[in-house]
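# Residue-level structural notes
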Amino acid sequence: MSSWKQESIHSYNSKNNNKNRQCEFDFFEWTPLSFTTSYSKSFQLMPSSSTPPSQQRTTAAAAAPADNRRTTNNHKSRSSFLFARPLQRFLVFLLISSAVSPLTVAAGATTTFISAGTRRRTSPSALAVKQGTRKSVKQEQQQQGQNCFFQSSVFQRTTRKMTSTSMALQNMDCSPSDDDALDVTSHGFDSDNDSNSSSNELQKRIVLIGGGHAHLQLIKAYHYKARPSNWHVTLIDKTRLASYSGMIPGCIADFYTPRQTQIPLDELAQWAKVEYYHDTVVSIDLDNQMVKLKNHEEGIHYDVASIDIGSTSRGLDIVPGVLQYAIPTRPIDLLVEKIQQAADKVSEQDKLKVVVVGGGAAGVELAMGLKARFGPLVCDNDEEHLQVTIIDSGSELLPYESSACRQALIEVLQEKNIHVRHNCRVKSMEQDVIRIEDGSDITYTHCIWATGAAPHSSLVNQFKLAGLSIDEHGWIEVGSTLQSKSHKNVFAAGDCATIQGLVDPVTGNEKASPSKAGVYAVRTGPILIENISRFLSNDKNLIDYIPQDDFLKLLMCGDGTALGFRFGLPLRGKWVWELKNAIDCMFMDLFQVKNLPNLDDIKEEEVEGKYDTSQYDEYTRKDKRLSPKDGANLIMRRDDNVDYQQAWEVLRDMMADEDYKLQVLCYMSNS
């Protein structure tokens, strides 16, 4: 990696000081709320062919009366007694039924959790989790006693033995089975958490479907010291590593390693003591509040379900040949892997024709990243050996941006010899050629499919069949509180959701759902945290999500600079790349376990009910801001000597102060 790349990537670290660094990990913004957690996945330990022999022996020994351990000489007399008189047989049957039932309850209700390589048994009262109640051992025994026709001193003694046996089972340690060790990890749940809540306190269970940007914040906020002990959180995702899309073009350009762009879900879940299933959701039962998984037949019960599964690439399963020949941008880890494999096969004499299908911001940034990645690998990095083309279905790139921003983008692409073909719609793909609907052909050696967002149709169809509200495009319909329009205990955020009923706070007019951009998924995180907490606390006053109208867009150019758009103005230079790198790294730092506090050192009473919703770009000015004239001159500069932190302060001051923004824009327009 060249020296300027190293310098650019680590520049924000070299300037990291207490005044400017915005990624501190103290719990600054806490929201006092209350909710609850605990979890059980009960299974019976009754003697059967499916129960391990050791457990069969333990259960049988505990259930059998002492007389049963006599020698076989007494067997005949016992048998004669049992079959001599019908009344005696009936009474003995009742006695045995009364004695065995408490053991079945005590043994069958035990729960296994994986924590630091051991399995710990929870309270027998966990059997009642699916019904939403918690019962003590004594309550279970009393209920069993009410179903008996008589009580005797023999039954009472047997019950005491059963209770002792159940307590012994409760404290047993055993090794996890292979299936549990591979598919589900429960971190640190034990009876200590249960002891903090009353025995009749209802359990509350949150199931997070997908490890998207919003859910990452929720896991961090709902760590075990902050949430009440009777509230249990489960994360389900089919990948162990969550890729941060904002850094992928930089990874394609070889500025980052793949690992630098990934957040380990299992590590974050372990830190927060959130149960993590490495599995695929196949459907949801909204009536019984169960999430069904591919590799776990029993499913997972929920009180609140939240969906943050992102999106896939549009047209993958529609345009013939795309799945076979193109490299889609989703899943992200596969995109990075395939481009790495392609780069490893390139030789100096190769003549590459790289085509990016999709003229949105992602497609444009990927095109510049591919130019940076493949250029140094071929002879002379010239047009003859490397051609990069963007296929755009529209008449111009980024039509929603100002003319000044679009012109700045065209200049950058021309500078890099990246061609753009407008008004092109792909009809089909073959091994070396793309067929366009107008009858023309485009040859290629590598094709990246970056056509924009589409829903995960197979899973969303299952949601729709279950009764969840889905719009005509396949997006989950939610209101401004991020609750499903059809089921109030189901929330959704990120690309997979479309928000209805948004209202402009200034004009009062209805607003459209925001675009499928990562910044909106990130900003929904605190709203999701707050509203799920209020919902489980029976607080009906949920807060509305008000998406921002515009945001800072930063496109990596692949040459140590970046192109930015804000307030309709183009920003270009090394400082813009340093700003993008700093923002991306600060977001990632929020979820790296090495940067998070050691929760064992924090007193529970200090943080319980307080949830960390801090954002990567939190900002409190401590110094005097630049004058509007100086601020305008600074952010217009393109030389390498601009301090990106100072320029970022100007941009944030413009976001926060309308008068200051207008003055800066006035100076920029007159210059």
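Provided above is the structure to which this section pertains.
Residues numbered from 1 in each chain as written. Predicted model: local features only at pLDDT ≥ 70, side-chain atom pairs only at ≥ 80, totals over all residues. Heavy atoms only, no water.

Moving on, we come to the overall build of the protein chain. Broken down by element type, the protein chain carries 23 helices and 31 strands. Within the span of the protein chain, comprising 671 residues, buried residues form 53% of the whole. Put simply, of all contacts in the protein chain between residues at least 6 apart along the chain, 71% involve residues at least 24 apart. Looking at the protein chain as shown, the accessible area adds up to about 31200 Å², and 49% of this sits on carbon and sulfur atoms. (Helix = DSSP H or I, 4+ residues; strand = E, 2+ residues; numbered from the N terminus. Buried < 20%, exposed > 50% of the residue type's maximum accessible area, 1.4 Å probe, protein only. Contact = heavy atoms within 4.5 Å. Areas by Shrake-Rupley, 256 points an atom, 1.4 Å probe, with all protein chains shown as cover.)

In terms of burial, helix α10 (residues 213-221) is largely enclosed, as nine of its nine residues are buried. Three or more residues of α10 are buried, namely His213, Ala214, His215, Leu216, Gln217, Leu218, Ile219, Lys220 and Ala221.

Taken as a whole and assessed by the stated rule, the structure comprises 19 salt bridges. Lys580 is the partner of Asp584 in a salt bridge, and the nearest nitrogen-oxygen pair spans 3.3 Å. Placement of the pair is Asp584 and Lys580 together in helix α19 (residues 574-589), with a separation of four residues, close to one helical turn. A relative accessible area of 7% places Lys580 in the buried class. Between Arg637 and Asp639 there is a salt bridge, and its shortest N-O distance comes to 2.8 Å. (Salt bridge = Lys/Arg side-chain N within 4 Å of Asp/Glu carboxyl O.)

On to the packing of α10 against helix α18 (residues 518-536), then. For the pair α10 and α18, the least separation of the axes is 7 Å and the interaxial angle reads 40°. Viewed along their axes, α10 and α18 adopt a mutual orientation that is oblique. Crossing angle aside, the handedness with which α10 passes α18 is right-handed. Across from His213, Ala214, His215, Gln217, Leu218 and Ala221 in α10, the residues of α18 making contact are Gly518, Ala521, Val522, Thr524, Gly525, Pro526, Leu528, Ile529 and Ile532. Class assignment of the residues belonging to the contact of α10 with α18 gives a composition of nine nonpolar, six polar and no charged. (Axes fitted to C-alpha atoms, helices over the stretch in contact; angles between N-to-C directions. Parallel < 35°, antiparallel > 145°, perpendicular 65-115°, else oblique. Left-handed = near helix turned anticlockwise from the far one by under 90°. Nonpolar A, V, L, I, M, F, W, Y, C, P; charged D, E, K, R; others polar.)

The subject of this paragraph is the sheet that holds strand β12 (residues 300-301). Overall, antiparallel pairing links the three strands, which are arranged β10-β11-β12 in an open sheet. The sheet terminates laterally at β10 (281-285) and β12, the two strands that pair on one side only. Note that strand β11 (residues 290-293) and β12 share two bridges and pair antiparallel. Across the sheet, the residue bridging to Met290 is His301, located in β12. (Pairing = 2+ DSSP bridges.)

Glancing now at the side chain of Glu530. Locating Glu530 in the fold gives a position in helix α18. At 2.7 Å, the side chain of Glu530 and the side chain of Arg534 are in polar contact. (Polar contact = N/O pair within 3.5 Å; in protein donor to acceptor, adjacent residues only side chain to side chain.)

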